[in-house]
Amino acid sequence: MDGETETPKVKMAGKGVEVFYGSKQAINGIDLEVYERQVTALIGPSGCGKSTYLRCLNRMNDTIDICKVKGLLTLDGEDIYDPNIDVVELRARVGMVFQKPNPFPKSIHENITYGPRIHGLAKSKADLDVIVEKSLRGAGLWEEVKDRLHEPGTGLSGGQQQRLCIARAIAVQPEVILMDEPCSALDPIATAIVEELIGELREQYTIVIVTHSMQQAARVSQRTAMFHLGDLVEVDDTETIFTNPSEKRTQDYITGRFG
Amino acid sequence: MADTSLTDNNVAAPRHRDIGLKKRYAAERRFQFYGKLAIAFGLFFLALLLWTVVSKGYTAFQQTSINLDVTFDESVIDPKNERNENPMKLLTANYPKLAEAALYEKLGIDAEDKAGTKAADALISKGARAQLRDMLISNPELMNQTVNVWVLAAGEVDSAIKGQFDLSVDESRRKIKDNQLEMIEKLQQDGSLEGRFNTGLFTNGGSSRPETAGVGVAIIGSAYMMLIVLLTSLPIGVAASIYLEEFAPKNRLTDIIEVNINNLAAVPSIVYGLLGLAVFINFAGLPRSASLVGGLVLSLMTLPTIIIATRAALKAVPPSIRAAALGIGASKNQTVFHHVLPLAAPGILTGTIIGLAQALGETAPLLLIGMVAFVVDAPATPLDPATALPVQIFMWANEAERAFVERTSGAIIILLAFLAVMNITAIFLRRRFERRW
């Protein structure tokens, strides 16, 4: 851990978070803190609630009618489920990258500028062009697409599309970026590029990543949270989790005995 | 024989098990044959329909006319020179006499020859009156001038030339007599009688004389109705679909609404006619036979089609697009209007055009709101009496004259052409704007 011994600031925190889909409980009371400018990995077998938890952090679960969230979730100490909090503003601060690359069926340029335009982040066309270049550079995509910014984003390769989605997310200058298995639809080379990118993004953004790949969690994250059947089994520094877990279930999972 | 038994043994070896392949392929071939048979069956009847309609109707696009040198003789039209005081004079003048005089001259008939003039008079359509009147009224300079005009021949002449009458029947039982046939032949020989493109079919309104009857009023009525259907049912249908699909909570009430919309699509169209009669005419007091009422009734009928098509188009937009927009902080409304709706637009458009085509071909509800009317003048506004293309076909199909048979088929050709254009547009739009993810 690069010798960072001082305790980092807590960016997002959950206290006693419970999530229900109808009558079925998906998360059974979780306390989890996410530190600023760190990558926090959520791991665990399928159906353990890690994606559900991630989607609570920008209230994407609101779009599911039967989904109910209980408990306290905060961003910089503010309750994000407070009625006074605008969900649109929250999502502008907590961006998201999805499992399957989902660029809009529009040009690369429009993909990036859509967020800044609806949030009024740019005053002129020139401002937008600056944002486009900055975001694409930030996502390591600029050199590959600078000559075809007005071609459709859906024409890129899978890995490029995912980086376009990351660029689109950082174009609205969020504080936190949530990534829901961002590499599961990518080949190993594209995965390596995206992982490297995550390492760079950590300098500016707080990142929470859900992953199925233990190696990926070990490679990109500083902290790892292990979920199982809706419970948080344990959370600790990634190094500790992978070398010296305190729970047997974590040990079993990372050594491949179940999952 | 030993060889054969050896081969048999090999065939019976485990890797050549009998797994019913022959039967399976036979079933597949049989099914393909049935499919081809069904398609051939359908194509045969389509071809039969088109052939029947076109072979009966193509002659309607030609109408026999007679070329005459008509003199607008003031002594016939306005012998006492009172047209300045009495504006009705020019409207009521004896115009047919002018055309008849010109025809006598052409055929060399003595004006005193009662039988000859009577036979010749019957060759000219009664529509010549309106034609000559309109010419003189729009251009009063023509008074006492001689003008070369094509006037319509009578419907019987047209039918005789198109072979719709059996001329071997005894003269006394024919609508067209032998001496008239001689005159026709004479006119044909010097090129003064021929079939000309029938513009009147597209511009004229209702008429009891087949040669001057046209679908003009019906086309205007249908166009008004299509416009009204588009203006009312597209926005209402799309708004309802967007709300139901994207915003409404999924509960019992919305389920009931959904089921009822699907049921409405299956309600017989004549029921919508009754509804329109009760609501728009009896309750709201809108005029009968008006294309406004027809359009509103057809809108009611088209709404479920548009709603179902729009909801299907919205459902077909992948959820990942919505997630992407929401994920960067677009509001629900922005997500729908910036991303979902544009992607659903081709499907909505296709559904709308198909709904409109359905409405264009609808007859039954229009009968109930009085659009089955004999309308001569072109409707200036949607509040004026009008008919519709399919209703015009229905009315002509009830006429007795032979000449209306070809006009009925001609009107069907026109209606089918409109429908084909609309459906081709729908296919084109779908192909052009269809997106893949």
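Cut-offs applied
Residues numbered from 1 in each chain as written. Chains lettered and ligands numbered in written order. Predicted model: local features only at pLDDT ≥ 70, side-chain atom pairs only at ≥ 80, totals over all residues. Pairing = 2+ DSSP bridges. Helix = DSSP H or I, 4+ residues; strand = E, 2+ residues; numbered from the N terminus. Axes fitted to C-alpha atoms, helices over the stretch in contact; angles between N-to-C directions. Contact = placed C-beta atoms within 7 Å. Nonpolar A, V, L, I, M, F, W, Y, C, P; charged D, E, K, R; others polar. Core = buried A, V, L, I, M, F, W, Y, C linked by C-beta atoms within 7 Å. Buried ≥ 20, exposed ≤ 12 C-beta atoms within 10 Å, placed from the backbone. Parallel < 35°, antiparallel > 145°, perpendicular 65-115°, else oblique. Left-handed = near helix turned anticlockwise from the far one by under 90°. UniProt positions renumbered as here; feature names shortened; annotations may be inferred. Expected span 1.5 Å × (residues − 1). Arc of directions from axis to C-beta.

Considerations on the sheet that holds strand E9 (residues 223–228) of chain A
Either a parallel or an antiparallel arrangement is found when strands of a sheet pair, and the pairing is made through backbone hydrogen bonds.
Residue and element names in this part refer to chain A.
Right, so step 1: Pairing within the open sheet is mixed, and its 6 strands lie in the order E6-E7-E8-E3-E9-E10. Unpaired on one side and paired on the other, strand E6 (94–97) and strand E10 (231–237) mark the two borders of the sheet. Direction aside, neighbouring strands of the sheet carry axes that sit 15 degrees apart on average.
Right, so step 2: Of the pairings in the sheet, the one linking strand E3 (residues 39–43) to E9 comprises 4 bridges and is parallel in character. Counted as the bridge partner of Ala41 is Thr224 from E9.

Remarks on the interface of chain A and chain B
Buried accessible area, meaning the area lost when the parts come together, often serves as the stated size of an interface.
Right, so step 1: The partner chain B presents 17 residues to the 20 residues of chain A that form the contact.
Right, so step 2: Those elements that provide at least two residues to the side of chain A that touches chain B are helix H2 (87–93), E6, helix H3 (108–119) and helix H6 (158–171) of chain A.
Right, so step 3: If you tally residues by element for the side of chain A that touches chain B, the top one is H3 of chain A, at 4 residues.
Right, so step 4: Split into classes, the residues belonging to the side of chain A that touches chain B amount to 11 nonpolar, 5 polar and 4 charged.

Quick notes on the nonpolar core
Right, so step 1: Leu42, Ala167, Ile177, Leu178, Ile207, Val208 and Ile209 of chain A are the most contacted members of the largest nonpolar core, which totals 78 residues.
Right, so step 2: Among the elements that line this core, the one with the most residues is H6 of chain A, at 7 residues.
Right, so step 3: Aside from chain neighbours lying at most four places away, what touches Val208 of chain A is Val34, Thr40, Leu42, Leu54, Leu57, Val176 and Leu178 of chain A.
Right, so step 4: Among the nonpolar cores identified, the runner-up in size contains 61 residues, and Leu300, Ala344, Ala403 and Phe404 of chain B belong to it.

Some points on the pairing of strand E4 (residues 67–75) of chain A
Residues and elements named next belong to chain A.
Right, so step 1: When strand E1 (residues 10–21) meets E4, the two strands line up antiparallel, connected through 8 bridges. Looking at the pairing, Tyr21 lines up with Cys67 of E4.
Right, so step 2: Across 2 bridges, E4 lies against strand E5 (residues 78–79) in antiparallel orientation. Bridge pairing in E5 places Leu75 opposite Glu78.

Let's talk about the packing of helix H11 (residues 216–247) of chain B against helix H16 (residues 332–360) of chain B
Residue and element names in this part refer to chain B.
Right, so step 1: Where H11 contacts H16, the two axes come as close as 9 Å, and the packing angle between them is 140 degrees. Taken together, the axes of H11 and H16 are oblique relative to one another. H16 is crossed by H11, and the crossing has right-handed handedness. Each of Ser222, Met226, Val229, Leu230, Leu234, Val238, Ile242, Glu246 and Phe247 in H11 lies in contact with H16, whose residues at this interface are Lys332, Val336, Val340, Ile348, Thr352, Leu356, Ala359 and Leu360.
Right, so step 2: Broken down by class, the residue content of the contact of H11 with H16 amounts to 13 nonpolar, 2 polar and 2 charged.

Here we look at the UniProt feature "domain: ABC transmembrane type-1" (unreviewed entry) in chain B
Right, so step 1: Here the UniProt-annotated "domain: ABC transmembrane type-1" (unreviewed entry) positions come out as residues 219–425 of chain B.
Right, so step 2: What you have in residues 219–425 of chain B is 77% helix and 0% strand, and the ends, taken at the C-alpha atoms, are 19 Å apart.

Side note on the environment of Ser157 of chain A
All names here are of chain A.
Right, so step 1: Inspection of the secondary structure puts Ser157 in the loop between helix H5 (142–145) and H6.
Right, so step 2: When the 13 C-beta atoms within 10 Å are taken as the criterion, Ser157 is described as partly exposed.
Right, so step 3: Taking the C-alpha atoms as reference points, Ser157 and Ala190, separated by 33 residues in sequence, lie 9.4 Å from one another.

Some points on the sheet that holds E1 of chain A
All names here are of chain A.
Right, so step 1: The 4 strands lie next to each other as E2-E1-E4-E5, forming an open sheet whose pairing is antiparallel. Looking at which strands have only one partner, the edges of the open sheet turn out to be strand E2 (24–35) and E5.
Right, so step 2: Packed onto the sheet, helix H1 (residues 50–57) meets E1, E2 and E4 and runs at close to 120 degrees relative to E1.

Points about helix H9 (residues 178–189) of chain B
All names here are of chain B.
Right, so step 1: The terminal C-alpha atoms of H9, which comprises 12 residues, lie 17 Å apart, in line with the 16 Å expected from a rise of 1.5 Å per residue.
Right, so step 2: Those residues of H9 not exposed but buried are Gln180, Met183 and Leu187. Projected down its long axis, H9 carries its buried residues within an arc of 55 degrees, all on one side. Every exposed residue of H9 that faces more than 90 degrees away from the buried side is listed here: Asp178, Glu182, Glu185 and Gln189.
Right, so step 3: Those residues of H9 hidden inside the fold are in contact with strand E1 (62–71), helix H5 (95–107), helix H6 (114–121) and strand E3 (193–197).
Right, so step 4: Just past H9, the residue Gly191 takes up positive phi, approximately 75 degrees.

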